[in-house]
Amino acid sequence: MFTTASKLGPVAVTLLVLYPLFDVAAAIVDARASRTTGSPALLYVNIAVSLITAIGVAIACASGIPAVLRVWGVWAVVAGLVQLIVGVTRRKMGGQWPMIISGGISVLAGASFIVGATADNPTLTNAAGYAIPGGIFFLISAFRLGRAAKGN
């Protein structure tokens, strides 16, 4: 993504659409793993928002980078708020700090994407950089949820 940040080529478009779909998969796994800890309703909201975002990003790619950054930014803000709420409400479960931190970062990053869409020559560099810590937090959360599900 860093190598194609100034244009919307096939690789960039594919990665931009796949990232919210990866979020869908992670939320499905989280909902299944945490059914006994409370209602997964917000995770289902996150699934719906991320599915809509994948479609929205695919459509926005036809309009250019500013449109992609706006859709990506709104998604990051909404998904980040959902993550924050889920993490805070499940903190008694333990190990929710990656979700809380990730949610906070998503809200801030999403706002920066929306603002960045108005730049003279917007690029996808920040979106690519956003994916790196997002992936790290996904892995930490998956490890923690896996341990919690096993009772360790």
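Just so we're clear, the structure is a prediction, and the values are computed from it rather than from any experiment.

Draft legend 1. Here's a closer look at the overall build of the chain. Of the regular secondary structure elements, the chain holds five helices and zero strands. By the burial criterion, 40% of the 152 residues in the chain qualify as buried. Expressed as a percentage of contacts within the chain between residues at least 6 apart in sequence, the contacts between residues at least 24 apart total 71%. Accessible area of the chain: about 8000 Å², with a carbon and sulfur share of 71%.

Draft legend 2. Spatial organisation of the packing of aromatic side chains. Counted under the stated rule, the structure contains three aromatic pairs. Residues Trp 72 and Trp 75 carry aromatic rings whose centres are separated by 5.1 Å and whose planes lie at 70° to one another, so their mutual orientation is edge-to-face. With a gap of three residues between them, Trp 72 and Trp 75 both fall in helix H3 (residues 65-89), about one helical turn apart. Aromatic ring contacts, followed pair by pair, group Tyr 19, Trp 72 and Trp 75 into a single cluster.

Draft legend 3. Structural view of the packing of helix H2 (residues 41-60) against H3. Two elements in contact, H2 and H3, have axes whose closest approach is 9 Å; the angle formed by their N-to-C orientations is 170°. With respect to H3, the axis of H2 lies roughly antiparallel. Residues Leu 42, Leu 43, Val 45, Asn 46, Val 49, Ser 50, Thr 53, Gly 56, Val 57 and Ala 60 of H2 lie in contact with H3, whose contacting residues are Ala 67, Val 68, Val 71, Trp 72, Trp 75, Val 78, Ala 79, Val 82, Ile 85 and Val 86. Among the residues making up the contact of H2 with H3, the classes are represented as 16 nonpolar, four polar and no charged.

Draft legend 4. Quick look at helix H4 (residues 97-116). Given a rise of 1.5 Å per residue, 20 residues ought to cover 28 Å, and the 28 Å separating the end C-alpha atoms of H4 matches this to within 8%. Every buried residue belonging to H4 is among Pro 98, Met 99, Ser 102, Gly 103, Ser 106, Ala 109, Gly 110 and Phe 113, and all of these are buried. Looking down the long axis of H4, one finds its buried residues gathered within 140° of arc, a one-sided arrangement. Structural note: H4 exposes Trp 97, Leu 108 and Val 115 on the side pointing more than 90 degrees away from its buried face.

Draft legend 5. Examining the confidence of the model for the chain more closely. Chain-level statistics for the chain give a pLDDT mean of 83 and a share of 80% at 70 or above. Looking at the elements of the chain, mean pLDDT is at its lowest for helix H5 (residues 125-150), recorded as 69, and at its highest for H2, recorded as 93.

Analysis parameters
Residues numbered from 1 in each chain as written. Predicted model: local features only at pLDDT ≥ 70, side-chain atom pairs only at ≥ 80, totals over all residues. Heavy atoms only, no water. Helix = DSSP H or I, 4+ residues; strand = E, 2+ residues; numbered from the N terminus. Buried < 20%, exposed > 50% of the residue type's maximum accessible area, 1.4 Å probe, protein only. Contact = heavy atoms within 4.5 Å. Areas by Shrake-Rupley, 256 points an atom, 1.4 Å probe, with all protein chains shown as cover. Phe/Tyr/Trp six-rings, centres within 6.5 Å; stacked < 30°, edge-to-face > 60°. Axes fitted to C-alpha atoms, helices over the stretch in contact; angles between N-to-C directions. Parallel < 35°, antiparallel > 145°, perpendicular 65-115°, else oblique. Nonpolar A, V, L, I, M, F, W, Y, C, P; charged D, E, K, R; others polar. Expected span 1.5 Å × (residues − 1). Arc of directions from axis to C-beta. pLDDT = per-residue confidence, 0-100.

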